[in-house]
Amino acid sequence: MGKPQGGMGKKDVIRVILVDDIPEAREGLRKLLAFESDIEVVGSGSTGREGLDLAIRTQPDIILMDINMPDMDGINATEQISKAVPTAAVVMMSVHKDSAYLRRAMLAGARDFLEKPISGEELYSTIRKVYQLNANVREQYRQGGAVASAERAKAAAGGSSAGKRAGHIVAVYSPQGGVGKTTLATNVAAGLMREDTRVLLVDCDFEFGDLAVFLYLQSNLSVVDLAKAVEELDPDLIENVLMTHASGLRVLLGPAHLDDVDETNLLTPDVFERIIQQLAGNFDFTILDMRVRLDRLAAKLFGLADRIVLVGTPTLPTVKSCRQVLEVLDGEFGPEKTIFVMNRVTDPREKAGLPLEDIEKSLKRQIEARIPLDEKTMIAAVNQGVPVVAKGRGKSPAKEIVELAELVRRSVSGEDESTSMQATAAGKQERSRFGRRSG
Ligand SMILES: Nc1ncnc2c1ncn2[C@@H]1O[C@H](COP(=O)(O)OP(=O)(O)O)[C@@H](O)[C@H]1O
Ligand SMILES: [Mg+2]
């Protein structure tokens, strides 16, 4: 231990990459660092995604990372880098010493923070200090072998070499607003994620979509930029427009401003349908967070979907509207296509909502998943931009949502019920998700 690395016979040089969207900022840092013989700048990038790619390629010791950048911001990038290149330590840079930002940066795995404008002395001492603090991590991975890290890097990069994917499309719909479509779409998408499963989540509400808020994402690019180029969507454009949540989930956002929609008027239902068709082939699952309106766009999306998750709540108006929607969907596609879900389910002893048995009886339809009401957990998750299922899958309501995600996975992949899904009620051996229960 403690012996200097042999081989090159040189003293340790700290390899650094710079990630900042402002060229002058990168240049300034580069100049400051040029005088230090023990620090070498091995690359620089202008977006979080470039930073991630660079980190994977160059395996630096230190990454100086701006927070606000287009495409993938510094926090998302940091989170991904921590997974893909754990030997690299991120130092965040920002003009504002905003405590919420700082907390997120630290949670994402940043080791330190520099407030802009950054002086030379501060910069050198922070880089050297963080490099030293990270020595044991580097040592650990050196011993652990390079193979595992290469695998991790590939997985984090999205396994883009993987080629064609299963392309299942799942539409999440409700005839009512505020019942939990976005909540369930986000969490089902997160619940479907695996290292080998690529998931895309799409905001289909171009006016008031709130996926960006739910996942704490922001971008100047949106589905409108794909609509403009729908004739030939090239992989680079797709890569730039799709956001990457810290979990690795890819997200297609709606336009950030209402004007963007009117201005272009390009995003017709036909164009949107073509976009989804083209994107879906690159993913195992594409989850559509739909809007309430039952218009031509909705009809297109229902048609595209392999499964429709119909979300209701145990209240009279919702049940009434769900009945109407089920009539239409069942008539059009047959009952197998729709998975009927109750959200905001309360303990029957509270007598707060309609009894689920009554709803099943009146709609002649089995409720296939029941997600409990849990304001605190759901709101905290939204405020933090993290899906509920990301924070422990064993506890309600995450547990029930994970079960719903599994139900979706099995129902589209034609797998059989023999796997471990826990039966919640009797009569579970009949797989038909829509069958009338004989109880
Ligand atoms: N099971 C639940 N328990 C408590 N609150 C919930 C639940 N599901 C959703 N919510 C909350 O209800 C509100 C509306 O949910 P949202 O997903 O935006 O609905 P929609 O997309 O259908 O309009 C959000 O504040 C969300 O946090
Ligand atoms: Mg919504």
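Figured I'd write up the structure that's included with this text. (Residues numbered from 1 in each chain as written. Chains lettered and ligands numbered in written order. Predicted model: local features only at pLDDT ≥ 70, side-chain atom pairs only at ≥ 80, totals over all residues. Heavy atoms only, no water.)

**Some words on the site of ligand 1**
Part 1 of the argument: Not every one of the 15 residues close to ligand 1 is listed here, only the nearest: G178, T183, N343, R344 and D374.
Part 2 of the argument: Separating an oxygen atom of ligand 1 from a backbone N or O atom of G180 is a distance of 3.0 Å.
Part 3 of the argument: Here an oxygen atom of ligand 1 and a side-chain polar atom of T182 are 2.8 Å apart.
Part 4 of the argument: Contributions of two or more residues to the shell around ligand 1 are made by α8 (181-192), β12 (338-345) and α17 (375-384).
Part 5 of the argument: With 3 residues, the top contributor of residues to the shell around ligand 1 is α8.
Part 6 of the argument: Split into classes, the residues belonging to the shell around ligand 1 amount to 5 nonpolar, 6 polar and 4 charged. (Near = heavy atom within 4 Å. Polar contact = N/O pair within 3.5 Å; in protein donor to acceptor, adjacent residues only side chain to side chain. Helix = DSSP H or I, 4+ residues; strand = E, 2+ residues; numbered from the N terminus. Nonpolar A, V, L, I, M, F, W, Y, C, P; charged D, E, K, R; others polar.)

**Thoughts on the environment of V389**
Part 1 of the argument: By the element assignment, V389 lies in the loop between α17 and α18 (398-413).
Part 2 of the argument: Judged by relative accessible area, which is 2%, V389 ranks as buried. (Buried < 20%, exposed > 50% of the residue type's maximum accessible area, 1.4 Å probe, protein only.)

**What to know about the pattern of salt bridges**
Part 1 of the argument: Under the definition given, this model contains 22 salt bridges.
Part 2 of the argument: Between K116 and D66 there is a salt bridge, with the nearest N and O atoms lying 3.2 Å from each other. Taken together, the positions of K116 in the loop between β5 (112-115) and α5 (120-133) and D66 in strand β3 (residues 62-66) put the pair 50 residues apart, joining distant regions of the chain.
Part 3 of the argument: Note that E207 is salt-bridged to R293, the shortest N-O span being 3.5 Å. (Salt bridge = Lys/Arg side-chain N within 4 Å of Asp/Glu carboxyl O.)

**Notes on the sheet that holds strand β8 (residues 243-244)**
In sheet architecture, strand pairing relies on hydrogen bonds along the backbone and comes in two forms, parallel and antiparallel.
Part 1 of the argument: If you trace the 8 strands from one edge of the open sheet to the other, you get β8-β9-β7-β10-β6-β11-β12-β13, paired in mixed fashion. Where the open sheet ends on each side, the last strands, each with one partner, are β8 and β13 (369-372).
Part 2 of the argument: Of the strand pairs in this sheet, β8 and strand β9 (residues 250-252) are connected by 2 bridges, and their pairing is antiparallel. Bridge pairing links T244 to R250 in β9. (Pairing = 2+ DSSP bridges.)

**A few points about the nonpolar core**
Part 1 of the argument: Among the nonpolar cores identified, the biggest contains 47 residues, and L252, L267, F272, I275 and L288 are the most heavily contacted of them.
Part 2 of the argument: Tallying contributions element by element places helix α13 (residues 269-280) first for this core, with 6 residues.
Part 3 of the argument: In this structure F272 touches V202, D203, C204, F206, V223, L267, L297 and L301, once residues within four positions along its chain are discounted.
Part 4 of the argument: With 39 residues, the next largest nonpolar core counts A185, V199, F285 and V341 among its residues. (Core = buried A, V, L, I, M, F, W, Y, C linked by side-chain atoms within 4.5 Å. Contact = heavy atoms within 4.5 Å.)

**Observations concerning the sheet that holds strand β1 (residues 14-19)**
Part 1 of the argument: Here 5 strands make up an open sheet; going across it, the order is β2-β1-β3-β4-β5 and the pairing parallel. Each edge of the sheet is formed by a strand with only one pairing partner; in this case those strands are β2 (39-45) and β5. Between one strand axis and the next, the sheet turns by 25° as a mean value, whatever way the strands run.
Part 2 of the argument: Most of the contacts of helix α3 (residues 74-84) go to β3, to which it runs at about 155°, and overall it touches β3 and β4 (89-94). (Axes fitted to C-alpha atoms, helices over the stretch in contact; angles between N-to-C directions.)

**Thoughts on the side chain of E400**
Part 1 of the argument: Looking at where E400 falls in the secondary structure, it is placed in helix α18.
Part 2 of the argument: Although E400 is buried, it makes no salt bridge; K399 carries the closest opposite charge, 4.0 Å away.
Part 3 of the argument: Not counting chain neighbours up to four residues away, the residues in contact with E400 comprise R370, I371 and P372. (Lys, Arg positive; Asp, Glu negative; His and termini not counted.)

**Overview of the side chain of T318**
Part 1 of the argument: Here T318 is to be found in helix α15 (residues 316-333).
Part 2 of the argument: For T318, a relative accessible area of 2% corresponds to the buried category.
Part 3 of the argument: Once residues within four sequence positions are removed from consideration, T318 is found in contact with Q176, V179, G312 and T313.

**Focus: the environment of E139**
Part 1 of the argument: Structurally, the position occupied by E139 is in helix α6 (residues 135-144).
Part 2 of the argument: Along the chain, E139 and T87 lie 52 residues apart, while their C-alpha atoms are 8.7 Å from each other.

**Comments concerning unusual backbone geometry**
Part 1 of the argument: Cis geometry is found at the peptide bond from K116 to P117, where omega equals -5°.
Part 2 of the argument: Its place among the elements puts P117 in the loop between β5 and α5.
Part 3 of the argument: A cis amide bond, omega -5°, links S396 with the succeeding residue P397.
Part 4 of the argument: Relative to the assigned elements, P397 resides in the loop between α17 and α18.
Part 5 of the argument: Even without glycine at this site, Q59 takes up a positive phi of about 45°.
Part 6 of the argument: The topology assignment puts Q59 in the loop between α2 (48-58) and β3.

**Observations regarding helix α1 (residues 23-34)**
Part 1 of the argument: Along its 12 residues, α1 runs 16 Å from first to last C-alpha, staying within 8% of the 16 Å computed at 1.5 Å per residue.
Part 2 of the argument: In the core, the buried residues of α1 are packed alongside β1, β2, β3, β4 and α5. (Expected span 1.5 Å × (residues − 1).)

**Details of the packing of aromatic side chains**
Two aromatic rings, taken as a pair, are described by how far apart their centres are and by the angle between their planes.
Part 1 of the argument: Throughout the structure, instances matching the rule amount to 2 aromatic pairs.
Part 2 of the argument: Taken together, a centroid distance of 5.2 Å and an interplanar angle of 85° make the contact between Y173 and F302 edge-to-face. Note that Y173 is positioned in strand β6 (residues 168-173) and F302 in helix α14 (residues 296-304), a separation of 129 residues in sequence. As far as the burial class goes, Y173 and F302 line up, both buried.
Part 3 of the argument: Note on F206 and F272: the rings are 4.9 Å apart at their centroids and 75° apart in plane angle, and the pair reads as edge-to-face. In this pair, F206 is assigned in the loop between β7 (199-203) and α9 (211-215) and F272 in helix α13, connecting sequence segments 66 residues apart.
Part 4 of the argument: Using a relative accessible area of 6% as the deciding quantity, one classes F206 as buried. (Phe/Tyr/Trp six-rings, centres within 6.5 Å; stacked < 30°, edge-to-face > 60°.)

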